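Here is how the chains run, residue by residue.
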Amino acid sequence: TATLTTRGEMPEVESTCSVYPNPNNGAFFVRFTATSTQTATLLVRDLTGKTILNQSLTATEGMNEVPVTLEGFAAGVYILQLQHNDGLFTERLIVN
């Protein structure tokens, strides 16, 4: 058992991210919160690591929702990553 004790103030940041629907037919939404207006990067890779989508986004403070369409790609499993100042979110994406 480990106990971590901190002194001083640490800001509490709540950041959420979700992908829906998942599984999907290649059209889906990425919903996430940002603590400030910032640039975010959305990446989708296949299981070999090849980047098939690299999109730069401007996120605003609060809830953001981004529509994404993958057209012309085979059905299968992909890895979605969203990176912004508040962290990195990784999710397995299933395209039927």
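Just above sits the structure.
Basis of the calculations
- Residues numbered from 1 in each chain as written.
- Predicted model: local features only at pLDDT ≥ 70, side-chain atom pairs only at ≥ 80, totals over all residues.
- Heavy atoms only, no water.
- Pairing = 2+ DSSP bridges.
- Helix = DSSP H or I, 4+ residues; strand = E, 2+ residues; numbered from the N terminus.
- Axes fitted to C-alpha atoms, helices over the stretch in contact; angles between N-to-C directions.

Trainee: Describe the sheet that holds strand β1 (residues 17-20), listing the residues and the values that go with them.
Mentor: Note: strands within a sheet are paired through backbone hydrogen bonds, in either parallel or antiparallel orientation. Strand order in this open sheet of 3 strands is β1-β2-β5, and the pairing throughout is antiparallel. On the outer flanks of this sheet lie β1 and β5 (62-69), each paired with one strand and no other. Sheet twist, expressed as the average angle between the axes of neighbouring strands with direction ignored, equals 15°. Where strand β2 (residues 27-34) meets β5, 8 bridges bridge the pair, whose relative direction is antiparallel.

Trainee: So what's going on with the pairing of β2? Which residues, and what values?
Mentor: Two elements, β1 and β2, share 4 bridges in a ladder whose sense is antiparallel. Bridge pairing in β2 links Ser18 to Arg31. Hairpin remark: β1 followed by β2, antiparallel, with 6 residues in the connecting loop; positive phi at Gly26, about 110°.

Don't take any of this as a statement about function, it's just geometry.
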